[in-house]
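Fold and contact review
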Amino acid sequence: MKMRIYHRYLGFFLAGIMAVYAISGIVLIFRDKDTFKKVTTITKVLPEDTTLENLGEALGMRRFNVEKVEGDTAYFRDGSYNLKNHTATYTQKELPFVLEKMTHLHKATSSRPLAFLNIFFGVSLFFFVLSSFWMFMPKTSVFKKGMYFTLAGLIMALLLIFL
């Protein structure tokens, strides 16, 4: 009986963070697309000593690569750089502020200050998994039917992991 109470109130307590993880998880599935991103066009005038070799660093872009150079213009992913007037024009794609914060929390690492909250959340979710088996008496038809659903869910999880 106590397990049901713990399960219920921990569920209510974590409802908000579960919603955040659900939404940010869905957003992260589309991180290879621009589905939720807003596009901003940026024009920057760079110092005259900017070369093609240090252009990515000057723009603050990781994994930067000049794709081609035609005349006085160098082209890179989502933009171009004018070698004469040292002007770069490119598009930047970012998630809206709230979605960015949510996905940032979802992708937390152990070096982050709030990592213990992510660990607490993970342990709590595992508690939900275990405590759900104490919701019904083992001899009832609901519990037995639940075991079939558990087996089906376990098989599906294993297939997703190994396929």
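In case you missed it, the structure is sitting above this.
In what follows, the accompanying structure is described.

Quick notes on the rules
Residues numbered from 1 in each chain as written. Predicted model: local features only at pLDDT ≥ 70, side-chain atom pairs only at ≥ 80, totals over all residues. Heavy atoms only, no water. Helix = DSSP H or I, 4+ residues; strand = E, 2+ residues; numbered from the N terminus. Rg over C-alpha atoms; globule rule 2.2 N^0.38 Å. Buried < 20%, exposed > 50% of the residue type's maximum accessible area, 1.4 Å probe, protein only. Contact = heavy atoms within 4.5 Å. Areas by Shrake-Rupley, 256 points an atom, 1.4 Å probe, with all protein chains shown as cover. Lys, Arg positive; Asp, Glu negative; His and termini not counted. Charge placed at Lys NZ, Arg CZ, Asp CG, Glu CD. Pairing = 2+ DSSP bridges. Axes fitted to C-alpha atoms, helices over the stretch in contact; angles between N-to-C directions. Arc of directions from axis to C-beta. 1 Å grid on protein atoms, 1.4 Å probe; cavity = no way out; pocket = protein on both sides within 12 Å on 5 of 7 lines; lining within 4 Å. Points joined across faces, edges and corners; volume = space filled by probe spheres on them. Nonpolar A, V, L, I, M, F, W, Y, C, P; charged D, E, K, R; others polar. Parallel < 35°, antiparallel > 145°, perpendicular 65-115°, else oblique.

Details of the overall build of the protein chain
- Helix and strand content of the protein chain: 6 helices and 5 strands.
- Scanning the protein chain from its N terminus toward the C terminus, one meets helices and strands in the order α-α-β-α-β-β-β-β-α-α-α.
- Radius of gyration (C-alpha) of the protein chain: 25 Å, far over the 15 Å computed for a compact globule of 163 residues.
- When its C-alpha atoms are laid out on the principal axes, the protein chain stretches across 80 × 35 × 25 Å.
- Out of the 163 residues in the protein chain, the part that is buried amounts to 21%.
- Long-range pairs, those at least 24 residues apart, make up 59% of the contacts in the protein chain between residues at least 6 apart in sequence.
- For the protein chain, the accessible surface area stands at approximately 12,400 Å², while carbon and sulfur atoms represent 66% of it.
- Side-chain charges of the protein chain comprise 20 positive and 12 negative groups, with the mean position of each set lying 25 Å from the other.

What about the sheet that holds strand 1 (residues 38-45)?
- Taken in spatial order, the 5 strands of this open sheet run 1-5-4-3-2, and their pairing is antiparallel. Of all strands in the sheet, those with a lone pairing partner are strand 1 and strand 2 (66-70), marking the two edges. With strand direction ignored, the average angle separating the axes of adjacent strands in the sheet is 20°.
- Where strand 1 meets strand 5 (residues 87-94), 8 bridges bridge the pair, whose relative direction is antiparallel. Residue pairing in the sheet places valine 39 in a bridge with lysine 93 of strand 5.

Here we look at helix 4 (residues 97-106)
- Those residues of helix 4 that sit buried are Leu99, Met102 and Thr103. In a view along the axis of helix 4, the buried residues occupy a sector of 95°, so they form one face of it.
- Of the surrounding secondary structure, the elements contacted by the buried residues of helix 4 are helix 2 (15-29).

With respect to the layout of surface pockets
- In this model, the largest pocket occupies a volume close to 1,200 Å³.
- Taken together, 31 residues form the lining of the largest pocket, with Lys37, Arg62, Arg63, Arg77 and Lys93 sitting closest to its centre.
- Counting only elements with at least two residues in the lining of the largest pocket, the list comes to helix 2, strand 5 and helix 4.
- A per-element tally of the lining of the largest pocket places strand 5 first, with 5 residues.
- Residues belonging to the lining of the largest pocket are distributed by class as follows: 10 nonpolar, 7 polar and 14 charged.

Considerations on the packing of helix 2 against helix 4
- Relative orientation of the contacting elements helix 2 and helix 4 amounts to 100°, with a least axis distance of 9 Å. Judged by the angle between their axes, helix 2 and helix 4 are roughly perpendicular. Residues Ile17, Val20, Tyr21, Ile23, Ser24, Gly25, Val27 and Leu28 of helix 2 pack against Leu99, Met102, Thr103, Leu105 and His106 of helix 4.
- Broken down by class, the residue content of the contact of helix 2 with helix 4 amounts to 9 nonpolar, 4 polar and no charged.

Re the side chain of serine 131
- Within the secondary structure, serine 131 is located in helix 5 (residues 115-131).
- With relative accessibility at 1%, the residue serine 131 sits in the buried group.
- Residue contacts for serine 131: discarding those within four places in its chain leaves Met3 and His7.

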